[in-house]
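One letter stands for each residue in the lines below.
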Amino acid sequence: MAEASRILHTTLIPTFSTLTQKTLSSQSPQPTSQSRRSKLRCSISTTSDTARTAANRTIPWGCDIDSLDNASALQKWLSESGLPPQKMAIERVDVGERGLVALKNIRKGEKLLFVPPSLVISAESDWSCLEAGEVLKRNGVPDWPLLATYLISEASLMKSSRWNNYISALPRQPYSLLYWTRSELDRYLEASQIRERAIERINHVTGTYNDLRLRIFSQHPDLFPEEVFNMETFKWSFGILFSRLVRLPSMDRRVALVPWADMLNHSCEVETFLDYDKSSQGIVFTTDRSYQPGEQVFISYGKKSNGELLLSYGFVPREGTNPSDSVELPLSLEKSDKCYKEKFEALRKHGLSASECFPVQITGWPLELMAYAYLAVSPPSMNRQFDEMAAAASNKLTSKKDIRYPEIEEQALQFLLDSCESSISNYTRFLQASGSMDLDVASPKQLNRKLFLKQLAVDLCTSERRILFRAQYILRRKLRDIRSGELRALRLFDGFMKIFR
């Protein structure tokens, strides 16, 4: 699995509908002589072979995720296109199917790669089919769906595209939760909040494709034939973007695909990431450890939880190896609360809802989670503090102070403990049932896939439950200290009362 660092995780196409509604209603592209020439260059997209492949729901380009068949052709093309000699080569590896392995000794602090900007795919890249690119840009399509469409367009041209060797080396089916069916998400990730994130992402991708199809593709079927630009190919292209797109801080935070660099796998033990180096005018990373010949070279994809890594990249690190791991703890207001309406309005004012999830790490939890708990248990007499609590829960307090309400501290901690133990019981039920889970498959290939998905789910749920067990221990200890302190204070008070009697 060859992915990149610091992936952009935002709404895919938040304002596209309003943008395109205005532009499409007022613009109808007029063909030019240049446009007519570019149509000929796109004609490979509409071949019957491609149509039959799309109908069979398979992708006609790319390779198996662990294949090295196209690796030598990729390296040769990159070298001929300006990539300098490398100290690494693509090989099969234990972590990530394929990866970059050191050919020579690599020192700590050494800069590697030096991929020139001419080999980087971004929203500014030239389209082989010029008219298709012009139509999308004229309609204000944002970078993510623009790049997704660009990948499909270039891939469909096969050898006519300058990116053919790169696309041929991309996985035909990326590791991504986009490829999990709804029933698989419901079955394997029922205990984890990542399930909701995965469903939301799939819906975003589906909505993005439907929006493009309705507003642009259907208006230009000669440029965007449905045999090529369909839901299956968009799932592929977005899977590639989620797992390989990087944000380059020194290039105005531009998002881009960086061939060769995206063959680097992630390690939780390194912190180095990709960026543009102005002195060498190339995309580089600086090693933060040394490597011997034959060792796989790693970068960091960012400080992400195991769930986030599964969501975008399709893998889960070994339990206990990810210092950035966290679990989403769901919290909700009780509808039977006498102040439910007031509390809900306070939350809504600050952009929150009656049900929210907050990240819990092995080292603790954020102040926002505690503020939400205070609000959830606060009595009517504290209604003047509702707004302050909601603001703190949304991280919108101007003072950024650590708010505390000693009079309801015990109730808030008990509220968190109850929520934590409820989540633990959900994880435990899934893990106990997973051993006897009926996979219900007919072929060995399907069986291997189901076993793989189940193992990923078990690994994720085990790591998330581990964090909740730690939170449970801390909460119980805090409550014990509060209650034992209250008991000591009560005994001391009784002692004084006896003296006065």
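The coordinates are above.
Residues numbered from 1 in each chain as written. Predicted model: local features only at pLDDT ≥ 70, side-chain atom pairs only at ≥ 80, totals over all residues. Heavy atoms only, no water.

## A closer look at the overall build of the protein chain
Using the following cut-off: Helix and strand assignments follow DSSP, with helices taken as H or I runs no shorter than four residues and strands as E runs no shorter than two, numbered in order from the N terminus. In this scheme, a residue with accessible area under 20% of its type's maximum is buried, one over 50% is exposed, and one in between is partly exposed, where area comes from a 1.4 Å probe on protein chains only. In this analysis, two residues are considered to be in contact whenever any of their non-hydrogen atoms come within 4.5 Å of each other. Surface accessibility follows the Shrake-Rupley procedure with a 1.4 Å probe radius. Residue values consider only the protein chains on display as shielding.
Scanning the protein chain from terminus to terminus reveals 16 helices and eleven strands. Residues counted as buried form 51% of the 501 residues belonging to the protein chain. Long-range contacts, defined as pairs at least 24 residues apart, comprise 76% of the intrachain contacts of the protein chain with a sequence gap of at least 6. Carbon together with sulfur atoms contributes 49% to the accessible area of the protein chain, which is approximately 24,200 Å² in total.

## A few points about helix α12 (residues 340-349)
For clarity, the threshold we go by: Arc definition: directions from the helix axis to the C-beta atoms.
Considered for burial, the residues of α12 that qualify are Lys343, Ala346 and Leu347. Seen along its axis, α12 keeps its buried residues to an arc of 100 degrees; they face one direction. Residues of α12 that are exposed and point over 90 degrees away from its buried face: Lys341 and Lys349. Summarising the contacts, the buried residues of α12 are in contact with α13 (367-377) and α14 (386-393). With its phi angle positive at about 80 degrees, Gly351 sits one or two positions after the end of α12.

## A word on the packing of aromatic side chains
How two aromatic rings sit relative to each other is set out by the distance from centre to centre and by the angle between their planes. The condition is simple: Only the six-membered ring of Trp is used, alongside the rings of Phe and Tyr, when aromatic pairs are assigned; centres must lie within 6.5 Å, and planes under 30 degrees apart are stacked while those over 60 apart are edge-to-face, with the rest tilted. Whether a charge sits over a ring depends on NZ of Lys or CZ of Arg being within 6 Å of the ring centre and within 35 degrees of the ring normal.
This structure, assessed with the given rule, holds 19 aromatic pairs. On the basis of an interplanar angle of 70 degrees and a centroid distance of 6.4 Å, the ring pair of Tyr301 and Phe315 is categorised as edge-to-face. Of this pair, Tyr301 sits in the loop between β9 (298-299) and α11 (306-313) while Phe315 is found in the loop between α11 and β10 (326-332), placing the two residues 14 residues apart along the sequence. According to the relative accessible area criterion, Tyr301 is buried, its value standing at 0%. Cluster of aromatic residues (ring-pair linked, three or more members): Trp144, Tyr209, Phe217, Phe224, Phe229, Phe234, Phe238 and Phe242. Above the ring of Trp163, the side-chain terminus of Arg162 is found at 4.3 Å from the ring centroid. Lying over the aromatic face of Phe242, Arg201 brings its terminal NZ or CZ to 3.9 Å of the ring centre.

## So, the sheet that holds strand β8 (residues 282-286)
Short version of the rule: Paired strands are those between which DSSP finds at least two bridges. Geometry is summarised by axes, namely lines fitted to C-alpha atoms with helices restricted to the contacting stretch, and by angles between N-to-C directions that run from 0 to 180 degrees.
Strand order in the open sheet formed by three strands is β3-β8-β7, and the pairing between neighbours is antiparallel. The outermost strands of the open sheet, each flanked by one partner alone, are β3 (111-115) and β7 (275-277). The mean angle between the axes of side-by-side strands here comes to 45 degrees, regardless of whether they run parallel or antiparallel. The sheet contact formed by β3 and β8 spans four bridges and is antiparallel. Among the inter-strand pairings, Val115 is bridged to a residue of β8, identified as Ile283.

## Examining the pairing of strand β11 (residues 355-361)
Of the two faces of β11, the one lined by Glu356, Phe358 and Val360 is fully buried and the one lined by Ser355, Cys357, Pro359 and Gln361 carries no buried residue. Relative to β11, β10 runs antiparallel, the two being bridged by seven bridges. If you follow Ser326 over to β11, its bridge partner there is Gln361.

## Considering the packing of α13 against α14
To keep things clear, this is the line we draw: Each angle gets one of four labels, with under 35 degrees taken as roughly parallel, over 145 as roughly antiparallel, 65 to 115 as roughly perpendicular, and the rest as oblique. Note: crossing handedness is left-handed where the near helix turns anticlockwise from the far helix by less than a right angle, and right-handed where it turns clockwise.
α14 packs onto α13 with a crossing angle of 150 degrees between their chain directions and a minimal axis gap of 7 Å. By the angle class used here, α13 and α14 are roughly antiparallel. Considering the relative orientation of α13 and α14, their crossing is left-handed. On α14, the residues touching Glu368, Ala371, Tyr372, Tyr374 and Leu375 of α13 are Phe386, Met389, Ala390, Ala392 and Ala393.

## Considerations on the layout of surface pockets
Worth spelling out the cut-off: Both site types are read off a 1 Å grid over the protein atoms alone. A 1.4 Å probe that fits but cannot get out defines a cavity, while an open set with protein on both sides within 12 Å along at least five of seven lines defines a pocket; lining residues have an atom within 4 Å of a point. Grid points are joined across faces, edges and corners, and a volume is the space filled by probe spheres set on the points.
By volume, the second largest pocket is sized at about 610 Å³. Taken together, 25 residues form the lining of the second largest pocket, with Val95, His266, Phe315, Pro317 and Arg318 sitting closest to its centre. Elements represented by at least two residues in the lining of the second largest pocket include exactly β6 (265-266) and α16 (444-500). For the lining of the second largest pocket, the leading source of residues is α16, giving three residues.

## With respect to the pattern of salt bridges
Between side chains of opposite charge, pairing is possible as soon as their charged atoms come close. Keep this limit in mind: Throughout this description, the term salt bridge denotes a Lys or Arg side-chain nitrogen within 4 Å of a carboxyl oxygen of Asp or Glu.
Taken as a whole, this structure holds 23 salt bridges when the rule is applied. Between Glu110 and Lys87 there is a salt bridge, and its shortest N-O distance comes to 2.5 Å. Taken together, the residues Glu110 in the loop between β2 (98-102) and β3 and Lys87 in the loop between α4 (71-80) and β1 (88-92) connect sequence positions 23 residues apart. Judged by relative accessible area, Glu110 falls into the buried class, the value being 9%. Between Glu184 and Lys450 there is a salt bridge, and its shortest N-O distance comes to 2.9 Å. A residue pair is termed long-range when its members are at least 10 positions apart, and Glu184 in helix α8 (residues 182-188) and Lys450 in helix α16 qualify at 266 residues. Grouping residues by exposure puts Glu184 and Lys450 together as buried. Within the structure, one salt-bridge network assembled from shared partners comprises Arg182, Asp186, Arg195 and Glu196.

## Here we look at the packing of α13 against helix α15 (residues 409-434)
Helices that pack against each other are described as a pair by the angle of their axes relative to one another and the distance between those axes. Selection rule: Here the term charged refers only to Asp, Glu, Lys and Arg, the term nonpolar to Ala, Val, Leu, Ile, Met, Phe, Trp, Tyr, Cys and Pro, and the term polar to all other amino acids, Gly among them.
Between α13 and α15, whose axes approach to 8 Å, the crossing angle comes to 110 degrees. Judged by the inter-axis angle, α13 sits roughly perpendicular to α15. Contact residues: Leu369, Met370, Ala373, Tyr374, Ala376 and Val377 in α13; Glu409, Gln411, Ala412, Leu413, Phe415 and Leu416 in α15. Looking at side-chain class alone, the contact of α13 with α15 contains ten nonpolar, one polar and one charged residues.

## Considerations on the pairing of β2
Counting buried positions over the five residues of β2 gives five, a clear majority of the element. Pairing geometry for β1 and β2, over five bridges, is antiparallel. The partner of Ile90 across the bridge, within β2, is Leu100. In this structure, the hairpin formed by β1 and β2 is closed by a connection of five residues, where Gly96 is found at a positive phi of approximately 105 degrees.

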